[in-house]
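Residue-level structural notes
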Amino acid sequence: MKKNKVLVGASILSEDFFDIQKTLKKINSSDLDFVHLDVMDGVFVPNISFGPAFVKNIRPYSKKFFDVHLMLSDPIKYVEKFVEAGADAISVHVEAKKALQSIKLIKSFGVKCGIVLNPKTSAKKIKKYLKIVDYVMVMTVEPGFGGQKFMEKQLGKISKISDMIKKSGRKILLSVDGGINLDTAKLSVKNGVNVLVCGSFLFKQKNFNDTVKKLKLA
Ligand code: DX5
Ligand code: ZN
């Protein structure tokens, strides 16, 4: 039986923002499915990245789907701004304030919505979200920085969530974010993942698109 290809997105967090057009060009001419944009407020995570103006500015330079990952303690205030900036999908953390309301708001704009769980958060916390979300994203590093090591301990939770999704009867994608390389991609897919977010490993590769293709076949 032929294996289904997984969707692969590039996290640009560890890239040089001054030279972002170069990065976007590289992504445009690759087989990547989406660009993953990490938004951090310095409160929910110990780092600050960029806001809606940055997303809006780079939008014309990319033909790929924009997946915006909000690492914000109070995301609801910013949802509309990211929709206006050109987000195709927006995810919020289950640990954030008014997560369910934020998800409903994202959906009301006709944008894909996702719920994200930190490594310490248990699978059962997202149960009620399975009625509404388009994707679940499991953090396989503590959010805040790129280039960290994949937490293998998360695999049990990933396979549990994969079962919960099957039981829901809804078409929900299961994604992982943090520490993805060819090995951890395979481990994740084995446990039910069908969307991979990959940052520093991918951008370190000499042959960028070959690596994208390999990840898609993980
Ligand atoms: C971490 C971010 C991730 C991260 C992925 O807070 O949400 O998207 O940048 O980068 P790598 O693949 O380097 O772990
Ligand atoms: Zn992310």
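First things first, this report covers the structure right here in the doc. (Residues numbered from 1 in each chain as written. Chains lettered and ligands numbered in written order. Predicted model: local features only at pLDDT ≥ 70, side-chain atom pairs only at ≥ 80, totals over all residues. Heavy atoms only, no water.)

We now examine the overall build of the protein chain. Along the protein chain, the regular secondary structure elements total eight helices and eight strands. Relative to a compact globule of 218 residues, whose C-alpha radius of gyration would be 17 Å, the protein chain shows 16 Å and is just as compact. Its C-alpha atoms give the protein chain principal-axis dimensions of roughly 45 × 40 × 30 Å. With 218 residues in all, the protein chain has 53% of them scored as buried. Counting contacts in the protein chain only where the partners sit at least 6 residues apart, residues at least 24 apart contribute 61% of the total. Of the roughly 10,800 Å² that the protein chain leaves accessible, carbon and sulfur atoms contribute 54%. Within the protein chain, the 20 negative side-chain charges are centred at a point lying 6 Å from the centre of the 38 positive side-chain charges. (Helix = DSSP H or I, 4+ residues; strand = E, 2+ residues; numbered from the N terminus. Rg over C-alpha atoms; globule rule 2.2 N^0.38 Å. Buried < 20%, exposed > 50% of the residue type's maximum accessible area, 1.4 Å probe, protein only. Contact = heavy atoms within 4.5 Å. Areas by Shrake-Rupley, 256 points an atom, 1.4 Å probe, with all protein chains shown as cover. Lys, Arg positive; Asp, Glu negative; His and termini not counted. Charge placed at Lys NZ, Arg CZ, Asp CG, Glu CD.)

For the zinc ion (ligand 2), the full set of protein donor atoms is His-36 (NE2), Asp-38 (OD), His-69 (ND1) and Asp-177 (OD), and the range of their distances to it is 2.0 to 2.3 Å. The coordination sphere of the zinc ion (ligand 2) comprises six donor atoms, whose angles at the metal cover 71 to 168°; the geometry is octahedral. Positions of the donor residues of the zinc ion (ligand 2), expressed as sequence spacing, correspond to H-x1-D-x30-H-x107-D. The exposure classification of His-36 matches that of Asp-38, with both residues buried. (Donors = N, O, S within 2.8 Å, 3.2 Å for Na, K, Ca; no water. Tetrahedral: all angles 85-135°; square planar, octahedral: opposite > 155°, others 65-115°.)

Charged atoms that come close allow side chains of opposite charge to pair. According to the stated counting rule, one finds six salt bridges in the structure shown. Lys-107 is paired through a salt bridge with Asp-134; the nearest N and O atoms lie 4.0 Å apart. With Lys-107 in helix α4 (residues 99–108) and Asp-134 in the loop between β5 (112–117) and β6 (135–139), this residue pair connects regions lying 27 residues apart in the sequence. The exposure class of Asp-134 is buried, given its relative accessible area of 18%. The partner of Glu-142 in a salt bridge is Lys-120, and the shortest N-O contact between them spans 3.1 Å. Here Glu-142 is found in the loop between β6 and α5 (154–168), whereas its partner Lys-120 is found in the loop between β5 and β6, with 22 residues between them in sequence. (Salt bridge = Lys/Arg side-chain N within 4 Å of Asp/Glu carboxyl O.)

A separate point is the nonpolar core. Among the nonpolar cores identified, the biggest contains 63 residues, and Ile-115, Ile-126, Val-136, Ile-161 and Leu-196 are the most heavily contacted of them. Residue contributions to this core peak at five residues, all from α5. By size, the runner-up hydrophobic cluster in this structure holds seven residues, among which are Phe-34, Val-116, Val-195 and Val-197. (Core = buried A, V, L, I, M, F, W, Y, C linked by side-chain atoms within 4.5 Å.)

Every α-helix winds through 3.6 residues per turn, so residues three or four apart in the chain are directed the same way. For α5, spanning 15 residues, the distance from its first C-alpha to its last is 21 Å, which sits close to the expected 21 Å at 1.5 Å a residue. Of the residues making up α5, those classed as buried are Gln-154, Leu-155, Lys-157, Ile-158, Ile-161, Ser-162, Met-164 and Ile-165. Here the buried face of α5 lies against β5, β6, β7 (173–177) and α6 (182–190). Gly-169 sits one or two positions beyond α5 and adopts a positive phi of about 75°. (Expected span 1.5 Å × (residues − 1).)

Those residues of α6 not exposed but buried are Thr-184, Ala-185, Ser-188 and Val-189. Along the axis of α6, the buried residues cluster in a sector spanning 135°; they form a single face. Relative to its buried face, α6 has exposed residues pointing more than 90 degrees away, namely Asp-183 and Lys-190. After α6 finishes, the residue Gly-192 shows a positive phi value of roughly 110°. (Arc of directions from axis to C-beta.)

Let us now look at the site of ligand 1. In the vicinity of ligand 1, 19 residues are found, and the nearest of them are Gly-144, Gly-147, Asp-177, Gly-199 and Ser-200. In the environment of ligand 1, an oxygen atom lies 3.3 Å from a nitrogen or oxygen atom belonging to the side chain of His-69. The backbone of Gly-147 places a nitrogen or oxygen atom 2.8 Å from an oxygen atom of ligand 1. Bound to the protein, ligand 1 loses 99% of the 380 Å² it would expose on its own. A breakdown of the residues in the shell around ligand 1 according to their chemical character gives seven nonpolar, 10 polar and two charged. (Near = heavy atom within 4 Å. Polar contact = N/O pair within 3.5 Å; in protein donor to acceptor, adjacent residues only side chain to side chain. Nonpolar A, V, L, I, M, F, W, Y, C, P; charged D, E, K, R; others polar.)

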